Amino acid sequence: MNEQDSQIMSGNDRSTRITADDTADMLMDFTDILFYNFRTHEAAQKAFERIADYLDIFRAAVCVSSGRNAGTLQTLYTTETAVDDTTRIEEKSLRSIDGTTYTYRIYRRGGAAPLDMMQRRAMEFIFKLLHTYLNRQSSLEMAQYAKEHDMLFGCLNSNGMSEKLAAYRRDGVDFSKYAVVFMNVCKFKAINARIGFENGNRVMQFIINSLRSLLTEQELFAHIGGDNFSMLIRQDGLEERLHSLNSLICDILHEGRNVPIEIAFRMGVYCIEAGQDEISEIMENANLACRLARQCGKQNILYYNDERRRQYEHTKMLEAALEPALHNGEFLIYFQPKVCLDDFRIIGAEALSRWMHEGRMMKPDSYITIFEQDGLITDIDFYVFEQVCKMLRVWMDAAIPVVPISVNFSKITLETAHFPEKLLKIAAQYQVPVEYLEIEFTETCCMEDEEKFNEILTDLKKAGFSASLDDFGKGYSSINMLRNMNFDVLKLDKSFHNEGGKDTEGAKIILRSIVGMAKDLGIQVISEGVETAEQVQFLRQLKCEKAQGYYFDKPLPADQFIERLHEGVYHRD
Ligand code: C2E
Ligand code: MG
Ligand code: MG
């Protein structure tokens with residue numbers, strides 16, 4: 001008998017000669033089974049079956065403990081034999097890289113022969129292999145957990161939510177009873193800025209706890225990243241439950257005092273339609289509704305529907321078309337003359353954009369608000385301004401009797417850094433004297449940050465531009481705006497003239513006092529939307545000096561406008 005061979009008495013009292021090669025084979029099998037099998041219990045059971053007789057083992061287990069946590073015993077291998085007082089236990093503790101301790105226990109029958117040298121070495125090998133295997137398993141589980149969970153807050157992440165929905169679909173859950181809600185925390189950036197990042201995380205945890213307590217079994221929520229969440233929630237009583245989330249207050253201790261943080265969400269809701277089980281579409285529909293809710297800014301809760309998707313796709317299409325359109329000259333500049341009411345001379349004009357897109361002329365109302373939402377309006381505004389400068393240069397060089405041209409600027413464009421300097425630079429590039437350029441702002445420009453707007457206005461005035469307050473009277477115009485800000489021109493909105501072309505008594509009284517007040521403040525007044533001779537007559541009585549409107553001309557393409565410039569005056573009765 002080879003020195004390394006050993007002899008054991010098996011449980012069946014069967015005497016078998018085991019060679020070193022046999023041992024190596026058994027251990028190889030043990031290794032292979034674990035190596036290729038990722039289901040821990042099944043793998044361990046099978047692997048131990050290969051070496052159980054050799055080592056006279058009837059049970060194996062591991063206890064995983066960390067720190068003061070005593071850990072729980074997990075069975076790795078069982079047979080029908082029960083543990084009793086005579087059972088011999090071989091034990092080995094091994095530490096893992098993350099500090100957890102794995103204590104392996106191998107149970108041998110009371111009457112089993114003591115382990116010889118080779119069996120001991122085999123046992124040592126088995127402990128270490130098991131340890132490597134279980135650590136691989138725990139890393140895989142951790143990776144899987146990380147794939148599906150938010151590691152900071154311990155809730156599902158976007159991927160986890162999709163996986164859970166996929167599992168629900170496999171289990172035949174009736175999705176049409178549920179809605180998916182995408183939620184964005186309103187002004188979370190500002191909350192973070194106010195109470196700091198760590199406290200911001202506390203607010204997040206508070207939100208997560210609130211969602212957890214709102215939802216019942218089978219309902220789900222996930223932290224999608226940043227300040228975004230999603231939920232799978234039953235449609236019954238949905239609205240009420242969603243509203244309850246919009247009145248949360250989280251008390252945070254900040255700089256030694258309690259700061260109550262009010263939490264509100266913008267929510268996009270997709271009530272899952274019967275037959276809809278495409279998870280990516282379900283999520284996308286809710287997401288789209290949430291984006292629309294954030295864009296429109298008015299509604300806290302917005303429901304997905306097909307019309308909203310069409311609108312969204314139209315917006316996306318326009319956004320994608322804008323850059324090439326600007327590049328290919330699809331944006332045209334129309335000019336609407338401004339007229340002196342004393343003698344009907346053309347004393348100026350307003351530049352208005354038109355978009356020739358796919359053979360169709362689009363008016364500003366169909367694209368301005370869309371591009372204001374995504375900020376692209378800035379490109380249009382600067383493009384129009386530059387085109388106006390370019391044309392004025394060409395017209396001046398051609399000795400055409402030019403007049404000052406006003407250009408509209410959105411409040412979004414005002415946020416451009418060094419706005420007045422940029423305008424000056426463009427005017428200088430085309431050598432257009434700034435007296436020929438007027439900047440039109442609507443009242444919304446002045447409302448959000450009055451101080452900042454005043455700075456811009458002052459800089460523009462210093463640079464020599466004129467500035468006008470457009471559409472006065474359309475929204476919530478304030479007389480203070482006129483007094484506090486240094487506008488040169490007040491443009492009365494066309495809504496002051498009623499649609500039939502005749503002014504009501506009330507409108508006349510208001511018009512008269514506004515014109516008087518502006519004049520007293522030294523501001524010129526121009527009335528927009530003038531369509532009838534009666535309106536002209538009345539404006540003259542008020543001593544309103546200028547008008548713009550269909551009575552004289554609609555906005556004109558450049559060539560027709562040049563003709564008007566040559567004529568210089570309107571002949572009206
Ligand atoms: P706005 O600046 O108040 O321009 C006057 C609008 O009233 C123009 O509409 C013009 O066609 C219309 N209008 C002029 N006279 C009359 C009239 O007698 N009766 C009626 N019913 N309407 C009249 P448009 O060209 O469709 O422009 C609409 C708005 O779009 C403009 O209002 C302006 O706020 C904005 N807009 C146009 N071009 C630009 C641009 O390049 N940039 C920015 N930010 N806004 C622009
Ligand atoms: Mg205007
Ligand atoms: Mg206007």
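All residue numbers refer to positions counted from 1 along the written sequence of the respective chain. All chains are assigned letters beginning with A, and all ligands numbers beginning with 1, in the order in which they are written. Under the rules for a predicted model, residues below a pLDDT of 70 receive no local features and side-chain atom pairs below 80 are neither given nor counted, while totals for whole chains, interfaces and linings still include all residues. Values reported for side chains reflect all heavy atoms of the structure, with hydrogen atoms and water molecules removed beforehand.

1. Brief notes about the coordination of the magnesium ion (ligand 2)
Because no water is among the atoms considered, metal sites can look incomplete, with donors defined as N, O and S atoms within 2.8 Å of the metal, or 3.2 Å for Na, K and Ca. At 2.1 to 2.2 Å from the magnesium ion (ligand 2) lie its protein donor atoms, namely Glu350 (OE), Asn408 (OD1), Glu440 (OE) and Asp470 (OD). Donor residues for the magnesium ion (ligand 2) sit on one chain with the sequence pattern E-x57-N-x31-E-x29-D. Taken as a pair, the magnesium ion (ligand 2) and the magnesium ion (ligand 3) lie 3.8 Å from each other and share Asp470 as a ligand. Of this pair, Glu350 sits in strand β16 (residues 346–357) while Asn408 sits in strand β18 (residues 405–409), placing them 58 residues apart in sequence. Secondary structure follows DSSP: runs of H or I at least 4 residues long count as helices, runs of E at least 2 residues long count as strands, and numbering of each begins at the N terminus.

2. As for the side chain of Ser230
Here Ser230 shows up in strand β10 (residues 228–234). The contact criterion used is simple: two residues touch if any of their non-hydrogen atoms lie within 4.5 Å. Look past the residues within four positions of Ser230 in its chain and what remains in contact with it is Met161, Val181, Phe182, Leu220, Phe221, Ala222 and Ile224.

3. A closer look at the site of ligand 1
Around ligand 1 lies a shell of 24 residues, among which Glu350, Asp381, Asp471, Glu531 and Tyr550 are the nearest. The definition of a polar contact used here is a pair of N or O atoms within 3.5 Å, where within protein one atom must be able to donate a hydrogen and the other to accept one, and adjacent residues in sequence count solely through side-chain atom pairs. Contact distances for ligand 1 include 2.9 Å between an oxygen atom and a side-chain N or O atom of Asp470. Looking at the shell around ligand 1, the elements with two or more residues in it are β16, α11 (377–397), β18 and β20 (466–472). When residues of the shell around ligand 1 are assigned to their parent elements, the largest contribution, four residues, is made by β16. Within the shell around ligand 1, the residues separate by chemical class into eight nonpolar, six polar and ten charged. The nearness test applies per residue and asks whether one of its heavy atoms lies within 4 Å of the molecule or strand. Polar here means any residue outside two lists: the nonpolar Ala, Val, Leu, Ile, Met, Phe, Trp, Tyr, Cys and Pro, and the charged Asp, Glu, Lys and Arg; Gly therefore counts as polar.

4. A short note on the sheet that holds strand β8 (residues 178–185)
What holds strands together in a sheet is hydrogen bonding between their backbones, with the strands either parallel or antiparallel. Any two strands with at least two DSSP-identified bridges between them are counted as paired. As summarised here, the arrangement of the six strands in space is β7-β9-β10-β8-β13-β14, forming an open sheet in which the pairing is mixed. Strands with a single pairing partner mark the edges of an open sheet, and in this sheet they are β7 (156–157) and β14 (301–303). Axis angles are defined between N-to-C directions and span 0 to 180 degrees, where every axis is a line fitted to C-alpha atoms and, for a helix, only to the segment in contact. The strands that helix α7 (residues 238–245) touches are β8, β10, β13 (265–271) and β14; relative to β10, the one it contacts most, it runs at about 150°.

5. Structural notes on the coordination of the magnesium ion (ligand 3)
Looking at the magnesium ion (ligand 3), the protein donor atoms are Asp470 (OD), Asp471 (OD), Glu528 (OE) and Glu528 (OE), and they sit 1.9 to 2.3 Å from it. Here the donor residues of the magnesium ion (ligand 3) are spaced in sequence according to D-D-x56-E.

6. Let's talk about the domain arrangement of the protein
The assigned domain composition of the protein is domain 1 (3–147), domain 2 (158–304) and domain 3 (315–567). Where a domain begins and ends is set by an automatic assignment or by a domain database. Spacing between the C-alpha centres of domain 2 and domain 3 amounts to 43 Å.

7. Section: the layout of surface pockets
As defined here, a cavity is a set of points on a 1 Å grid over the protein atoms alone where a 1.4 Å probe fits but cannot get out. A pocket is an open set with protein on both sides within 12 Å along at least five of seven lines, and residues line them when an atom is within 4 Å of a point. Grid points are joined across faces, edges and corners, and a volume is the space filled by probe spheres set on the points. If you add up the space inside the second largest pocket, you get close to 370 Å³. Listed by contribution, the elements that provide at least two residues to the lining of the second largest pocket are α2 (40–55) and α3 (117–148). With seven residues, the single largest contributor to the lining of the second largest pocket is α3. Taken together, the residues of the lining of the second largest pocket sort by class into five nonpolar, nine polar and two charged.

8. Re the pattern of salt bridges
What makes a salt bridge here is a side-chain nitrogen of Lys or Arg within 4 Å of a carboxyl oxygen of Asp or Glu, nothing more. On inspection of all chains with the given rule, the structure shows 25 salt bridges. Where Lys338 meets Glu440, a salt bridge forms, and the shortest distance between an N and an O atom there is 3.8 Å. With Lys338 in strand β15 (residues 331–340) and Glu440 in strand β19 (residues 437–442), this pair connects stretches of sequence that are 102 residues apart. Grouping residues by exposure puts Lys338 and Glu440 together as buried. Across the salt bridge formed by Glu350 and Lys491, the nearest N and O atoms sit 2.8 Å from each other. Here Lys491 lies in strand β21 (residues 489–492) and Glu350 lies in strand β16, a separation of 141 residues in the sequence. Taking relative accessible area as the criterion, Glu350 reaches 3% and is therefore assigned buried. Under the scheme applied here, a residue whose accessible area is under 20% of the maximum for its type counts as buried, over 50% as exposed, and between as partly exposed, the area being computed with a 1.4 Å probe on protein chains only. Its relative accessible area of 0% is what places Lys491 among the buried residues. Three or more residues are tied together by salt bridges with common partners; here these are Lys338, Glu350, Glu438, Glu440, Lys491 and Glu528.

9. So, helix α17 (residues 505–520)
One less than the number of residues in a helix, times 1.5 Å, gives the span that helix is expected to have. Along its 16 residues, α17 runs 23 Å from first to last C-alpha, staying within 8% of the 22 Å computed at 1.5 Å per residue. For α17, the set of buried residues is Ala507, Leu511, Ile514, Val515 and Ala518. Taken end-on, α17 shows its buried residues confined to a sector of 100°, consistent with a single buried face. Facing away from the buried side of α17 by over 90 degrees, the exposed positions are Glu505, Ile509 and Asp520. Considering only its buried residues, α17 is in contact with β20, β21, β22 (524–527) and α18 (533–541). Directly beyond the C-terminal end of α17, a positive phi value near 75° is found at Gly522. Within this analysis, the arc is defined by the directions that extend from the helix axis to the C-beta atoms.

10. A short note on the environment of Glu148
When you line up the elements, Glu148 lands in helix α3. Accessibility expressed as a relative area gives 17% for Glu148, which makes it buried. Residues Glu148 and Met161 lie 13 residues apart in sequence; the distance between their C-alpha atoms is 7.4 Å. The residues touching Glu148, leaving out its near neighbours within four places in the chain, are Cys155, Leu156, Asn157, Asn159, Gly160 and Glu163. Within the structure, the side chain of Glu148 is placed 2.9 Å from the side chain of Gln144, a separation counted as a polar contact.

11. A few points about a negative patch on the surface
A patch is a set of surface residues, each over 30% in relative accessible area and not in a salt bridge, joined within 9 Å for like charges and within 5 Å for the nonpolar side chains Val, Leu, Ile, Met, Phe, Trp and Tyr. All accessible areas in this document rest on Shrake-Rupley with a 1.4 Å probe, and a residue is counted as covered only by the protein chains that are shown. Positive: Lys, Arg. Negative: Asp, Glu. His and the chain ends are not part of the count. Think of each charge as sitting on NZ of Lys, CZ of Arg, CG of Asp or CD of Glu. Residues Glu421, Asp449, Glu450, Glu451, Glu455 and Asp459 make up a contiguous surface patch of negative charge. Tallying contributions element by element places helix α15 (residues 450–463) first for the negative patch, with four residues. Its location among the elements puts Glu451 in helix α15.

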